[in-house]
Amino acid sequence: MKSAKAMAGQPVILEGRRIGRVLQVELSEDLTAMTGLWADCGLKGTRYMTDEQIQLLGDVAVIVKEMGKRRRLGEQTLFRRAVASDGSRLGAILDALIDEQTHKVDALLLSEGFLSDLTKGRRAVRQYMVQPGTGSVVLKSRPDEEGGVEHEGRLD
């Protein structure tokens, strides 16, 4: 699994040559799949590569099939309020874990606050849905209930 935030700054490779660096990853409206990414390509500008144009999400680089189209950077998709099904606020969704081959989101990372991040770490959420109007992420079970959220450990 690749973290969407960890991909920022990775080199983008086209036909064996470095064409730029990853700026931001774009996720679908329901936060279930990666739909593309933006790359800073120097004098060629900010480029958007769709999911079909991305060949490989590697450990040290992203390999693409095409240069992509010149397009302005989109809005940040990964800073969403996380709420329980009863409406109580649980924290914030700050990152997503993406499968390298299928480009599907395996889990969202839930932060319950700064102190909790330091002591317990962020939690991987696999059962969720996105509210259409507000964009908030509704967890299907609370973090302290069995099977709803898995502990990811500390982030260093």
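We now turn to the structure provided with this report. (Residues numbered from 1 in each chain as written. Predicted model: local features only at pLDDT ≥ 70, side-chain atom pairs only at ≥ 80, totals over all residues. Heavy atoms only, no water.)

The next subject is the overall build of the protein chain. Looking only at helices and strands, the protein chain has two helices and 15 strands in total. With 156 residues in all, the protein chain has 50% of them scored as buried. Taking all contacts inside the protein chain whose residues are at least 6 apart in sequence as the whole, residues at least 24 apart take part in 45%. Accessible area of the protein chain: about 8,900 Å², with a carbon and sulfur share of 49%. (Helix = DSSP H or I, 4+ residues; strand = E, 2+ residues; numbered from the N terminus. Buried < 20%, exposed > 50% of the residue type's maximum accessible area, 1.4 Å probe, protein only. Contact = heavy atoms within 4.5 Å. Areas by Shrake-Rupley, 256 points an atom, 1.4 Å probe, with all protein chains shown as cover.)

Another aspect to go through is the pairing of strand β11 (residues 105–111). In terms of residue burial, β11 counts as a mostly covered element, since six of its seven residues are buried. In the sheet, strand β10 (residues 89–98) pairs with β11 via six bridges, with the strands oriented antiparallel. Bridge pairing links I98 to V105 in β11. As consecutive antiparallel partners, β10 and β11 are separated by six residues, and within that stretch H103 has a phi angle of approximately 65°, a positive value. Two elements, β11 and strand β12 (residues 123–125), share three bridges in a ladder whose sense is antiparallel. Its bridge partner lying in β12, L108 is registered against V125. (Pairing = 2+ DSSP bridges.)

So, about the pattern of salt bridges. Summed over the entire model, instances satisfying the criterion amount to five salt bridges. Here R122 ties to D117 by a salt bridge, and the two come within 3.3 Å at their closest N and O atoms. The exposure class of R122 is partly exposed, given its relative accessible area of 21%. Exposure remark for D117: the relative accessible area of 14% places this residue in the buried category. A single network of salt bridges, built from pairs that share partners, joins E112, K120 and R123. (Salt bridge = Lys/Arg side-chain N within 4 Å of Asp/Glu carboxyl O.)

As for its position among the elements, Q76 is in the loop between β8 (69–70) and β9 (80–83). Distance from Q76 to Q24, taken between C-alpha atoms, is 8.0 Å for residues 52 residues apart in sequence. For Q76, the contacting residues outside a window of four places in its chain are K5 and Q24.

This paragraph deals with the packing of aromatic side chains. Using the criterion set out here, one finds one aromatic pair in the structure. Taken together, a centroid distance of 4.9 Å and an interplanar angle of 55° make the contact between W38 and Y48 tilted. Here Y48 lies in strand β5 (residues 46–50) and W38 lies in strand β4 (residues 34–40), a separation of ten residues in the sequence. When the ring centre of Y48 is taken as origin, the NZ or CZ atom of R71, which lies over that ring, is 4.0 Å away. (Phe/Tyr/Trp six-rings, centres within 6.5 Å; stacked < 30°, edge-to-face > 60°. Lys NZ or Arg CZ within 6 Å of the ring centre and 35° of its normal.)

Fair warning: the whole summary comes from geometry, so function is off the table for now.
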